[in-house]
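Architecture at a glance
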Amino acid sequence: MGGVQGTVADGFEAVREAFVRNFDERGERGAAVTVYRHGRKVVDLWGGTKDVDGDLAAGDAPWGPGTAQVVRSATKGVAAAALLLLHQRGELDLDAPVGACWPEFKARGKDGVLVRHVLAHRAGVPALDRPLTPAEALDPDLAAAVVAAQAPFWEPGADHGYHAQTYSWLTGELVRRVTGKAVGEWIDTEIARPLGLGLWVGLPEAEAARVGRMGRIEAPAGPGGLRVRPKRNVAEAYADPASLTSRAFGAIDPLPDENDPAYRAAALPASNGVATADGLARFYAALIGEVDGGERLFTPETVEAARAEASAGPDRVLVVPTRFGLGYMLHGGASPLLAPGSFGHPGRGGALGFADPESGTAFGYVTNGMNKGVTADPRAQALVRALREA
């Protein structure tokens, strides 16, 4: 059972059972899940090894209550919160052109891209004519200049497609232009530290020791296993190097080594946030309500803006139909969440964070074992189903 430890409140035992089964049946190596309900922690579980290739029997370090991991695109929900909070404070107009605060971005027909288009994956620049090297991707000034010079792949605002990598530089540069601060610094001072979150976009050296190695896992086959067979057109899109799907995910080429300390220390708010399960869940709990008596992040009006459907239908990048609010995936076939009103964001290969305002629920799941899925990891989904039953 992966050495599962932690606590669950009465009524949430099914979540623990599902978490144990993830180790027994779904190939889990090291992971944690946390759930808040009306600002109170009701699930706090962890198990397995800190490193994906670790072995508890051999004495390798176990996953502990403070272990953190790269959560990939689950970071996008944090980046979206930065822009929405700036809007809530009157510092950023969602209906203003991006070029109003970032003039260089107007180039090559992008003068009509609005801030809300960026959040809803409608900006039209999910890929780059020339991918960035990992070193270039970690240079925010250079990367932002490349995105600003990119011609759109469709008329901005007219359609949507997942901005898998370019979301980093779109959101990061908007935060910098509005506040004068680097996006990781702004998130740390305005969101993470005030809430006491184990969450970073740009991991400090002092926190590096709590993060384990991540990697691909070979999941077992069978009813409880992770293996899923994608639809043929989806598989073909990922396999075709010329497709917009491959080009969007390959906007950094070759893909960075996610275990590299230099990569983790950089700020890529589309893909390299580091979080504990508690940090991710507590972040979403604070979006929708008070946590431990602290102030909530979003006003009710901002919550409604975040989860109001802004994009829906066939996704030009992910190929399958997707639903987005302003920066958040919404409950649907591509990314099932707790209930129709839920909003959040998965991370490719595993992680998931979301909030459900109606039930006052916030959820965070992180793992060091990455599988092939993009938006609906079977381990996370097993936990969500158990939570729904609870």
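This report concerns the structure included in the present document. (Residues numbered from 1 in each chain as written. Predicted model: local features only at pLDDT ≥ 70, side-chain atom pairs only at ≥ 80, totals over all residues. Heavy atoms only, no water.)

**Overview of the side chain of R72**
Along the chain, R72 turns up in the loop between β4 (69–70) and α2 (76–88). When its relative accessible area of 17% is taken as the criterion, R72 is described as buried. Beyond its immediate sequence surroundings of up to four residues, R72 is in contact with M214, E258, A270, S271, N272, G273, G347, R348, G349 and M370. (Helix = DSSP H or I, 4+ residues; strand = E, 2+ residues; numbered from the N terminus. Buried < 20%, exposed > 50% of the residue type's maximum accessible area, 1.4 Å probe, protein only. Contact = heavy atoms within 4.5 Å.)

**Some words on the environment of L268**
By the element assignment, L268 lies in the loop between α10 (261–265) and β7 (274–275). The sequence separation of L268 and L297 amounts to 29 residues, and the corresponding C-alpha distance is 22 Å. Sequence-distant contacts of L268, defined by excluding residues within four places in its chain, comprise T75, A137, L138, S168, W169, V201, Y263 and G273.

**Describing the packing of aromatic side chains**
Inspection of the entire model under this criterion finds 10 aromatic pairs. Seen from their ring centres, Y162 and F324 are 6.2 Å apart, and the 15° between their planes marks the pair as stacked. Residue Y162 is found in the loop between α5 (140–149) and α6 (167–179), and its partner F324 is found in strand β9 (residues 321–324); the two are separated by 162 residues along the sequence. For Y162, a relative accessible area of 3% translates into the label buried. Accessibility expressed as a relative area gives 0% for F324, which makes it buried. Ring centres of Y284 and F343 lie 6.4 Å apart, and the angle between their planes is 70°; this geometry places the pair in the edge-to-face category. Note that Y284 is positioned in helix α11 (residues 277–288) and F343 in strand β11 (residues 343–346), a separation of 59 residues in sequence. Classification of Y284 by relative accessible area gives buried; the value is 0%. Residue class for F343 comes out buried when judged on its relative accessible area of 0%. (Phe/Tyr/Trp six-rings, centres within 6.5 Å; stacked < 30°, edge-to-face > 60°.)

**Here we look at the pattern of salt bridges**
Inspection of every chain in the model, using the stated rule, returns 22 salt bridges. The closest approach of N and O atoms between R177 and E104, which form a salt bridge, is 3.2 Å. Of the two residues, R177 sits in helix α6 while E104 sits in the loop between α2 and α3 (115–119), which places them 73 residues apart along the sequence. Classification of E104 as partly exposed rests on a relative accessible area of 44%. A cluster of three or more residues bridged by salt bridges with shared partners is formed by E104, E173, R176 and R177. (Salt bridge = Lys/Arg side-chain N within 4 Å of Asp/Glu carboxyl O.)

**What to know about helix α7 (residues 183–195)**
For α7, with 13 residues, the first-to-last C-alpha span of 17 Å sits near the 18 Å given by 1.5 Å per residue. Where α7 bends most, at T189, the angle is about 40°. If you check which residues of α7 are buried, you get V183, G184, W186, I187, I191, A192 and L195. In this structure, the buried residues of α7 make contact with α2, α6, β5 (199–200) and α11. Count one or two residues on from α7 and you reach G196, which has phi positive near 65°. (Expected span 1.5 Å × (residues − 1). Bend = angle between axes of the 7 residues up to and from the residue.)

**Examining unusual backbone geometry**
Here the residue pair D253 and P254 is connected by a cis peptide bond, since its omega of 0° sits within 30 degrees of zero. The topology assignment puts P254 in the loop between α9 (244–249) and α10. Positive phi, normally seen in glycine, also occurs at H121, with a value near 60°. On the secondary structure map, H121 appears in the loop between α3 and α4 (134–137). Unusually for a residue other than glycine, V319 sits at a positive phi of about 75°.

**Section: the packing of α5 against α6**
The N-to-C vectors of α5 and α6 enclose an angle of 110°; their axes lie 10 Å apart at closest approach. Judged on the interaxial angle alone, α6 and α5 are roughly perpendicular. Crossing hand, α5 versus α6: left-handed. Only W169, L170, E173 and R176 of α6 make contact with α5, whose side of the interface consists of D141, A143, A144 and V147. Per-class residue counts for the contact of α5 with α6 are 5 nonpolar, no polar and 3 charged. (Axes fitted to C-alpha atoms, helices over the stretch in contact; angles between N-to-C directions. Parallel < 35°, antiparallel > 145°, perpendicular 65-115°, else oblique. Left-handed = near helix turned anticlockwise from the far one by under 90°. Nonpolar A, V, L, I, M, F, W, Y, C, P; charged D, E, K, R; others polar.)

**Focus: the sheet that holds β7**
Reading across from one edge, β4-β7-β5 is the order of the 3 strands in this open sheet, with antiparallel pairing throughout. Only two strands of the sheet have a single neighbouring strand rather than two, namely β4 and β5. Sheet analysis places β5 next to β7, joined by 2 bridges and oriented antiparallel. Bridging across to β7, L199 finds its partner in A275. (Pairing = 2+ DSSP bridges.)

**Topic: the nonpolar core**
In this structure, F283, L287, F298 and Y328 are the most contacted members of the largest nonpolar core, which totals 76 residues. If we skip the residues at most four places from it in the chain, F283 touches G77, V78, A81, I191, L197, L199, L297 and Y328. Core analysis: the next-biggest nonpolar cluster, separate from the first, contains 25 residues, V20, V35, Y365 and V384 among them. (Core = buried A, V, L, I, M, F, W, Y, C linked by side-chain atoms within 4.5 Å.)

**Quick word on the pairing of strand β12 (residues 352–356)**
Burial within β12 is extensive, with 5 of its 5 residues counted as buried. Residues of β12 alternate between two faces, with L352, F354 and D356 on one and G353 and A355 on the opposite face, all of them buried. Sheet topology places β11 next to β12; 4 bridges connect them, and they run antiparallel. Across the sheet, residue H345 finds its bridge partner in β12, namely G353.

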